[in-house]
Amino acid sequence: MAQPLPDALVDYFVQRSAERADAVTKFLGNLTDRERTLIREAAVMGYVHGRRHPRDEDHPKDAAVLHLVVDACLAAPDLYPAIGAIDEQTTTSTLEYLIEVQQPDGTWVQGSSSSPDPAYIQQQLFVKQAKHPECEHRITWRTTTVTTGPIPRIVPAA
């Protein structure tokens, strides 16, 4: 007969389960409606394909699973509208570099304009460091992604 787990261990498992649930909620809350819907659609279809996979066969590799899931979503655009609308959308991404300056409280703030040219920002960093040697400077980057197109029907989280 199995021994029951110690109360402290059971409490730990309950606490970790709640922390993981909070982390998922936070992650999903930080996504846009579009991102959340894309993940939802792919996850649901992946789950469906996983449940339908014969138990006595090897499971396909990740690339094959991805292909199967996207193919199935595209075949049912009424059920997976965000993935189905991808062909009608245009997405552009812009990578920009900028200089940040550390504040006395330890936070970092933008200290320059941004530029797609890392050499230009490196040159600006040298100028700022020479003018303000008492400050900490660093180069950082950001990517701005813009997606345009018809708004797909976004299915609310269930």
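So, here's what we can say about the structure. (Residues numbered from 1 in each chain as written. Predicted model: local features only at pLDDT ≥ 70, side-chain atom pairs only at ≥ 80, totals over all residues. Heavy atoms only, no water.)

Looking now at the sheet that holds strand β1 (residues 90-102). Read across the open sheet, the 3 strands follow the order β2-β1-β3; overall the sheet is antiparallel. Lying at the two open borders of the sheet, with one neighbouring strand each, are β2 (108-110) and β3 (137-148). Here the average twist between neighbouring strands, direction ignored, is 40°. Relative to β2, β1 runs antiparallel, the two sharing 3 bridges. Paired with glutamine 102 across the strands is tryptophan 108, a residue of β2. (Pairing = 2+ DSSP bridges. Helix = DSSP H or I, 4+ residues; strand = E, 2+ residues; numbered from the N terminus. Axes fitted to C-alpha atoms, helices over the stretch in contact; angles between N-to-C directions.)

The next point concerns the packing of helix α2 (residues 33-52) against helix α3 (residues 62-75). α3 packs onto α2 with a crossing angle of 110° between their chain directions and a minimal axis gap of 9 Å. By the angle between their axes, α2 is roughly perpendicular relative to α3. Contact residues: Glu41, Ala42, Met45, Gly46 and His49 in α2; Leu68, Val69, Ala72 and Cys73 in α3. (Parallel < 35°, antiparallel > 145°, perpendicular 65-115°, else oblique. Contact = heavy atoms within 4.5 Å.)

Quick look at a nonpolar patch on the surface now. On the surface, Leu5, Leu9, Val10, Tyr12, Phe13 and Val14 cluster together to form a nonpolar patch covering roughly 540 Å² of accessible area. By the element assignment, leucine 5 lies in the segment before α1 (7-29). (Patch = residues over 30% accessible without salt bridge, like charges linked within 9 Å, V, L, I, M, F, W, Y side chains within 5 Å. Areas by Shrake-Rupley, 256 points an atom, 1.4 Å probe, with all protein chains shown as cover. Salt bridge = Lys/Arg side-chain N within 4 Å of Asp/Glu carboxyl O.)

One finds Met45, Val69, Ala72, Cys73, Ala76, Tyr80 and Ile83 forming the largest nonpolar core, which totals 7 residues. Of all the elements, α3 adds the most residues to this core, at 3 residues. Apart from residues lying up to four places away in sequence, cysteine 73 is in contact with Glu41, Met45, Tyr80 and Ile83. (Core = buried A, V, L, I, M, F, W, Y, C linked by side-chain atoms within 4.5 Å. Buried < 20%, exposed > 50% of the residue type's maximum accessible area, 1.4 Å probe, protein only.)

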